[in-house]
Amino acid sequence: MQETRITVAHSPDSDDAFMFFGLASNNVDTGGIIVDQVLSDIETLNRAAFEGKYEVTAVSFHAYAHLADKYALLAHGASMGDNYGPIVVARQDGGPEGVKGSRIAIPGELTTAYLALRLYEPDFDFVVVPFDEIQQAVLDGKAEAGLLIHEGQLTYQDEGLRKIVDLGEWWNERTGGLPLPLGGNIIRRDLGPEMIKKVSKMLHDSIAYALSHRAEAVTYAETFGRGLDRAKTDKFVGMYV
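Basis of the calculations
Starting afresh in each chain, residues are numbered from 1 along the sequence in its written order. Local features are withheld for residues below a pLDDT of 70 in this predicted model, meaning they are given only at 70 or higher, and side-chain atom pairs are given and counted only at 80 or more; totals for whole chains, interfaces and linings count all residues. The basis for every side-chain value is the complete set of heavy atoms in the structure, and neither hydrogens nor water enter the calculation. For two strands to pair, DSSP has to find at least two bridges joining them. Secondary structure elements are taken from DSSP: a helix is a run of H or I of four residues or more, a strand is a run of E of two residues or more, and numbering for both begins at the N terminus. Fitted lines through C-alpha atoms serve as axes, helices being fitted only where they are in contact, and the angles separating the N-to-C directions of these axes extend from 0 to 180 degrees. Angle categories are assigned with fixed cut-offs, so that under 35 degrees is roughly parallel, over 145 is roughly antiparallel, 65 to 115 is roughly perpendicular, and the rest are oblique. Contacts are residue-level and defined by heavy atoms, with any inter-residue pair within 4.5 Å sufficient. Each residue is assigned to one of three groups, with Ala, Val, Leu, Ile, Met, Phe, Trp, Tyr, Cys and Pro labelled nonpolar, Asp, Glu, Lys and Arg labelled charged, and all others, Gly among them, labelled polar. Only protein chains enter the area calculation, which uses a 1.4 Å probe; residues under 20% of their type maximum are buried, those over 50% are exposed, and those in between are partly exposed. Counting of polar contacts relies on pairs of N or O atoms within 3.5 Å, with two restrictions inside protein: one atom must be capable of donating a hydrogen and the other of accepting it, and residues adjacent in sequence are counted only when both atoms are side-chain atoms. Salt-bridge detection follows one rule: a side-chain nitrogen of Lys or Arg within 4 Å of a carboxyl oxygen of Asp or Glu. Left-handed describes a crossing whose near helix is turned anticlockwise from the far helix by less than a right angle; the clockwise case is right-handed.

Student: Give a description of the sheet that holds strand β10 (residues 162-166) that names residues and reports values.
Tutor: Taken in spatial order, the five strands of this open sheet run β8-β7-β9-β6-β10, and their pairing is mixed. If you trace the sheet from one side to the other, it starts and ends with β8 (125-128) and β10, each paired once. Strand after strand, the sheet turns through a mean of 30° between neighbouring axes, direction not considered. The pairing of strand β7 (residues 103-106) with strand β9 (residues 145-148) spans two bridges and is parallel. Residue A105 lies in a different strand from β9, and its bridge partner there is G146.

If you want it as structure tokens, here you go:
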């Protein structure tokens, strides 16, 4: 019998790590499918999806709008901002008007955070910086402001940065209370409906296992949370899982 092997790619952050804990700890029945995990920042994963590089991958919903012909959206593992989301920060207080005309460090042009910022204020310059280096880019003066995703949303104040605007709050107000869809897991359509169904259940079971073994899963996720202590890791998991 031929071995079935797939690669599942996701971001090296605490919420994705939590969701894939069931798989990473070998506590999910994969039905004989061998699962290789690849960790990479979300913009790299977005770009790789355009090449069909991975069978299963996390992507930004902004990117998925251009990938629906090649990939199907899975029902499990999406990240939604419910009156919170990507945050624009700067070294000094400036208010939302500080976005217009500024040079802003962003985590990638295909991220939903970048799309949301463009919808909020289209007039700004940007420089693409790895998501976990954005705070430092602002502190070093390489950018006037930074667009934070992942754990930076909980740690920026500890580094002396100030919030200009929370795009999740803005989106909530603009849409009358709708959550901001940020990212999700997708699967290559060429795997066929039977394999897609198997993988979908596998991801569901991985998240369910983590939620039912939360303490263990948070301990695992904490190793991926740059600058987050256990309490903040648990809070971040609660926000985006």
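Student: Talk me through the packing of helix α10 (residues 214-222) against helix α11 (residues 230-240); I want residue IDs and the actual numbers.
Tutor: Contact geometry for α10 and α11: axes closest at 9 Å, N-to-C directions at 105°. One way to sum up the angle between α10 and α11 is to call them roughly perpendicular. Within the contact between the two elements, α10 uses R214, A215, V218, T219, A221 and E222 and α11 uses R230, T233, D234, V237 and G238. Of the residues that constitute the contact of α10 with α11, the class distribution is four nonpolar, three polar and four charged.

Student: Which residues make up the side chain of T111, and what are the values?
Tutor: Its place among the elements puts T111 in the loop between β7 and α5 (112-120). Take T111: its relative accessible area is 2%, and that puts it in the buried class. A polar contact is formed between the side chain of T111 and the backbone oxygen of G108, at a distance of 2.8 Å. When residues no more than four places from it in sequence are discounted, the contact partners of T111 are I42, E43, N46, S60 and H62.

Student: Outline the pattern of salt bridges, supporting the account with residue identities and numerical values.
Tutor: Counted by the stated rule, this structure contains 10 salt bridges. One salt bridge connects R188 with D190, and the closest N-O pair in it is separated by 3.0 Å. Where D234 meets R214, a salt bridge forms, and the shortest distance between an N and an O atom there is 2.9 Å. On the criterion of sequence distance, the pair formed by D234 in helix α11 and R214 in helix α10 is long-range, its members being 20 residues apart. Judged by its relative accessible area of 30%, D234 falls in the partly exposed class. Classification of R214 as partly exposed rests on a relative accessible area of 31%.

Student: Would you mind going over the packing of α5 against helix α8 (residues 167-175) in detail, with residue names and values included?
Tutor: Packing of α5 against α8 brings their axes to within 11 Å, and their N-to-C directions diverge by 60°. In terms of axis orientation, α5 runs oblique to α8. Like other packed secondary-structure pairs, α5 and α8 cross with a definite hand, here left-handed. Judged by residue contacts, A113, A116, L117, L119 and Y120 of α5 engage L167, W170, W171 and R174 from α8.

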